[in-house]
Structure formats: C-alpha cells, structure tokens
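The lines below spell out each chain.
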Amino acid sequence: MKISVLDQTQLLEGISAEEAFAQSVELAKYVDQLGYHRYWLSEHHSSDALAGSSPEILASHLLAKTDNIKVGTGGVMLPHYSAYKVAENFKVMSALAPGRVDMGVGRAPGGHHLSTRALQGDKVRNVDIFPEQIDQVLEYLEDRLPDLHPIRGLETTPVIKKKPDVWILGTSNSSGLLAAEKGLPYAFAQFINYQPGGMDQALKLYVDHFKPSKYLDQPQVLVTMKIIVADTDEEAEKIAQSALRFNYYLHRGRLTRLVDPERALSHVINPAEKREIEAVKETYIIGSKETVAQKIKDLTDQFPIDELMAITPIYNFEKRKRSFELLKEAVSE
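Reading guide: rules and limits
Residues numbered from 1 in each chain as written. Predicted model: local features only at pLDDT ≥ 70, side-chain atom pairs only at ≥ 80, totals over all residues. Heavy atoms only, no water. Buried < 20%, exposed > 50% of the residue type's maximum accessible area, 1.4 Å probe, protein only. Helix = DSSP H or I, 4+ residues; strand = E, 2+ residues; numbered from the N terminus. Pairing = 2+ DSSP bridges. Right-handed = clockwise from strand over helix to strand, strands pointing away. Arc of directions from axis to C-beta. Contact = heavy atoms within 4.5 Å. Salt bridge = Lys/Arg side-chain N within 4 Å of Asp/Glu carboxyl O. Phe/Tyr/Trp six-rings, centres within 6.5 Å; stacked < 30°, edge-to-face > 60°. Lys NZ or Arg CZ within 6 Å of the ring centre and 35° of its normal. Core = buried A, V, L, I, M, F, W, Y, C linked by side-chain atoms within 4.5 Å. Axes fitted to C-alpha atoms, helices over the stretch in contact; angles between N-to-C directions. Parallel < 35°, antiparallel > 145°, perpendicular 65-115°, else oblique. Nonpolar A, V, L, I, M, F, W, Y, C, P; charged D, E, K, R; others polar. Polar contact = N/O pair within 3.5 Å; in protein donor to acceptor, adjacent residues only side chain to side chain.

**Some thoughts on the pairing of strand 1 (residues 2-7)**
Then, in step 1: Counting buried positions over the 6 residues of strand 1 gives 5, a clear majority of the element.
Then, in step 2: Sheet topology note: the strand 1/strand 2 (residues 38-41) ladder contains 3 bridges and is parallel. Paired with Asp 7 across the strands is Leu 41, a residue of strand 2.
Then, in step 3: Handedness of the crossover is the feature at issue here: the chain leaves strand 1, passes through helix 1 (residues 17-34), returns alongside strand 2, and the resulting connection is right-handed.

Given below as structure tokens:
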C-alpha cells in the first residue's frame, strides 16, 4: 500500500501564514525521509483558515526542498485558468524535478463566488468545460499540437523528457466516469464526500468503465481520507477534536482555524450536536498504530484502493509529525 500526504496548509489559531508554510516545508522534508510516496497541495481562495491559494508555487518550492517524494497539486481548479498556462507551469516544474511532478486537476471552485469572479474576471467559465480542458491540457503537454488542431503550430515550452503525471480529482460518479473515459488515474476525496455508498459507487464506475490509454493501461485509484494516529487510541481521540471542530463549523458554512483540542469541542453540549460529531468521527481513521492498521486493512479489503493519501489536521505540529511516522509504520507492517 502506497501512502501519501495531502497538505491544505491549514492555519492554526495564533500563527501566521508564513509560519504555516514553514511547517509545510518541514513536514514535506520529514515525510520524504520516512518514505512517503507523494505530497500534494490543495487550492483554496479567500480563506483565513487555509493558506494554499497557489499550489503550483508551493509545489515548486517543495520540490527544491525534498529529494525523492513526488510533489503535486490536489489540485489545480482548472476551470479558473488557461489550460495552456497550466501545462507550461507543470512542464517547467517537471524540467526542474524530472519524474517527480504530479498534476492533479479538479473542477471545484476552491472558494466562494467572489473568488471565482476575481479569478475568472470577465470571462466567467462554466464547469461543464472541464472535460474539454482535460483534453487541452493533455494536448498542450505534448511538444507540438496535431496538424489539424485549430491553433496548430503552437508549442508548449519547455520541451522536456519526462512529462508530469495527470490525475483527475473528484468526489462523484461523474468524475469517476470522466477519469475512466480519459484513461487517467483517479483521486477520490473521501474527506469531502463521505456519504454512505458515495465512494463505493464512484470507484466501481471508474474501475468498470476504465479505458486503457497511452497514459495508463489499468485503473489506478488513490483515496484521500482524514487520518489521525497517536501512540494510544485515547490520545488519538483527543487530538482529533481540533479537526472535528473544523467539520462542525464547515457544516454551518464557516471555515475556521484549528484550535487547541483541549477546548475545541467545549461548546458542543447539545445531544444532537454531539451525535453529529460522533457521526463525522466515523468517517475518519483515528487511533493507535495497531487500530489504524486494522482499519486500513478493512478499507482496502472492501474497496479497490491502490494508494491512501492522508490529510491530518492536528493542532500540535510535533504530534502531526508523529502521526505520519506511526501511519507509515502501520501500513508497512
């Protein structure tokens, strides 16, 4: 089982964006040493809780700070941008770190309507163009467009030996079918869509309808989940309260910073709200190394998962690093 990291550059109460990015650099270097497979960065706009508004820039920086781990985006929200410029960005990164660059692309806005308006200006695009933009990106990653292309003669520079790996990100049946149709690897964001049966159906559709391509000869499935590991089940339950508070407010339309777990859920006293927290907790993987190892085994026995990507919103940075250390041990034993 390959194991990877999704970093949302989540901001903690009382720290600056500069400090958060410094933690991302340290964490990427740490999990690279531990032998993690990928390190992806998310894209979010106009948020005081998530600092990663430009994952391509952060990815480029992390490639320079690490040695072996693949680095990429989880993902670039393609409808906001020119597919040509996105392809150029990733070709430059691939020239700087050959064979280590992932281009994960999605169709979600990564923010609210105001950030969408600011990003797209007067050329507001419909997300329905996303499948067409996937084709454009794949064409632009080639060194020259086909002779019958509407803008034939265009070159996407630089010319490089090793192209980035393109992934389709999603949370729905439609994204699974799109990845299958294009013959591309599929990353399912379970931490966003954890409705019962949602992942099962999307992955089944992807695997059943997959069409081999020059990019991939068989389905490749990555699933991203919230995973929190500690030395004991009790400690893991405790430090997970910061993340559960984040979900609590997210359900109410608010993105909030992570706060100290000692007081994260002190305001949740209503029985209905407590049941809500418990229900959300069931969508996480939380526990000691032994508990998490069993939960991952149960998960991979049930679903066709080739790679597990952890998003680990822990308030204390040293405990976050410890969680990734224990997770690597859990999947390696």
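**Comments concerning helix 2 (residues 55-65)**
Then, in step 1: All of the buried residues in helix 2 are Pro 55, Glu 56, Leu 58, Ala 59, Leu 62 and Leu 63. Considered in projection along helix 2, the buried side chains sweep an arc of 160° and stay on one side of the axis. Exposed and oriented more than 90 degrees from the buried face of helix 2 are Ile 57 and Ala 64.
Then, in step 2: On its buried face, helix 2 is in contact with helix 1, strand 2, strand 3 (70-77), helix 3 (83-96) and strand 4 (101-106).

**Considerations on the pattern of salt bridges**
Then, in step 1: Enumeration over the complete set of coordinates arrives at 22 salt bridges.
Then, in step 2: The salt bridge involving Glu 26 is made with Lys 321; its shortest N-O contact spans 3.0 Å. Of this pair, Glu 26 sits in helix 1 while Lys 321 sits in helix 12 (residues 317-332); the two residues are 295 residues apart in sequence, bridging distant segments of the chain.
Then, in step 3: The class for Glu 26 is partly exposed, based on a relative accessible area of 36%.
Then, in step 4: The shortest N-O distance in the salt bridge between Asp 48 and Arg 257 comes to 3.0 Å. Of this pair, Asp 48 sits in the loop between strand 2 and helix 2 while Arg 257 sits in the loop between helix 9 (241-250) and helix 10 (271-281), and the two are 209 residues apart along the sequence.
Then, in step 5: Judged by relative accessible area, Arg 257 falls into the partly exposed class, the value being 22%.
Then, in step 6: Each of Arg 38, Lys 70, Asp 102, Asp 165 and Glu 307 takes part in one network of salt bridges that share partners.

**Observations regarding the packing of aromatic side chains**
Then, in step 1: The tally for this structure, following the rule as stated, stands at 7 aromatic pairs.
Then, in step 2: Considering the side-chain rings of Trp 40 and Trp 167, the 5.5 Å spacing of their centres and the 80° angle between planes classify their relative orientation as edge-to-face. Of this pair, Trp 40 sits in strand 2 while Trp 167 sits in strand 5 (residues 165-170), placing them 127 residues apart in sequence. The burial state of Trp 40 is the same as that of Trp 167; both residues are buried.
Then, in step 3: Grouping aromatic residues by their ring pairs yields a cluster made of Tyr 186, Phe 188, Tyr 206 and Phe 210.
Then, in step 4: If you follow Arg 252 out to its NZ or CZ, it ends over the ring of Tyr 248, 3.8 Å from the centre.

**Overview of the nonpolar core**
Then, in step 1: Residues Tyr 39, Leu 203, Val 223, Ile 227 and Leu 327 are the most contacted members of the largest nonpolar core, which totals 66 residues.
Then, in step 2: Excluding anything up to four places from it in sequence, Tyr 39 contacts Val 5, Asp 7, Ser 24, Leu 27, Ala 28, Val 31, Leu 62, Ile 69, Lys 70, Val 71 and Gly 72.
Then, in step 3: Residues Ala 230, Ala 240, Leu 244 and Leu 265 belong to the second largest nonpolar core, which totals 19 residues.

**Description of the packing of helix 2 against helix 3**
Then, in step 1: Where helix 2 meets helix 3, the axes come as close as 10 Å, and the angle between the chain directions of the two elements is 5°. On the basis of the axis angle, helix 2 is roughly parallel to helix 3. Only Asn 89, Phe 90, Met 93 and Leu 96 of helix 3 make contact with helix 2, whose side of the interface consists of Glu 56, Ala 59, Ser 60 and Leu 63.
Then, in step 2: Tallied by class, the residues present in the contact of helix 2 with helix 3 amount to 5 nonpolar, 2 polar and 1 charged.

**Considerations on helix 9**
Then, in step 1: A large share of helix 9 lies buried, amounting to 8 of its 10 residues.
Then, in step 2: Among all positions of helix 9, only Ser 242, Ala 243, Leu 244, Arg 245, Phe 246, Asn 247, Tyr 248 and Tyr 249 are buried.
Then, in step 3: Buried-residue contacts for helix 9 involve strand 7 (221-229), helix 8 (233-239) and helix 10.

**Details of unusual backbone geometry**
Then, in step 1: For the bond running from Gly 74 to Gly 75, omega is 5°, close enough to zero to count as cis.
Then, in step 2: Of note, the amide linkage connecting Thr 157 to Pro 158 takes the cis form, showing an omega dihedral of 5°.
Then, in step 3: Relative to the helices and strands, Pro 158 is located in the loop between helix 5 (130-141) and strand 5.
Then, in step 4: The phi angle at Ser 46 is positive, at roughly 55°, despite the residue not being glycine.
Then, in step 5: Along the polypeptide, Ser 46 turns up in the loop between strand 2 and helix 2.

**Side note on the side chain of Thr 156**
Then, in step 1: Within the fold, Thr 156 resides in the loop between helix 5 and strand 5.
Then, in step 2: Within the local environment of Thr 156, its side chain forms a polar contact with the backbone oxygen of Tyr 140, the two atoms lying 2.8 Å apart.
Then, in step 3: Among all residues touching Thr 156, those that are not within four sequence positions of it are Tyr 84, Ala 87, Glu 88, Lys 91, Tyr 140, Glu 142 and Asp 143.

**Comments concerning the environment of Ala 187**
Then, in step 1: With respect to the helices, strands and loops of the structure, Ala 187 is situated in strand 6 (residues 186-189).
Then, in step 2: Exposure remark for Ala 187: the relative accessible area of 4% places this residue in the buried category.
Then, in step 3: The spacing of Ala 187 and Leu 27 is 160 residues in sequence and 22 Å in space, taken between C-alpha atoms.

The analysis is restricted to geometry; functional conclusions fall outside its scope.
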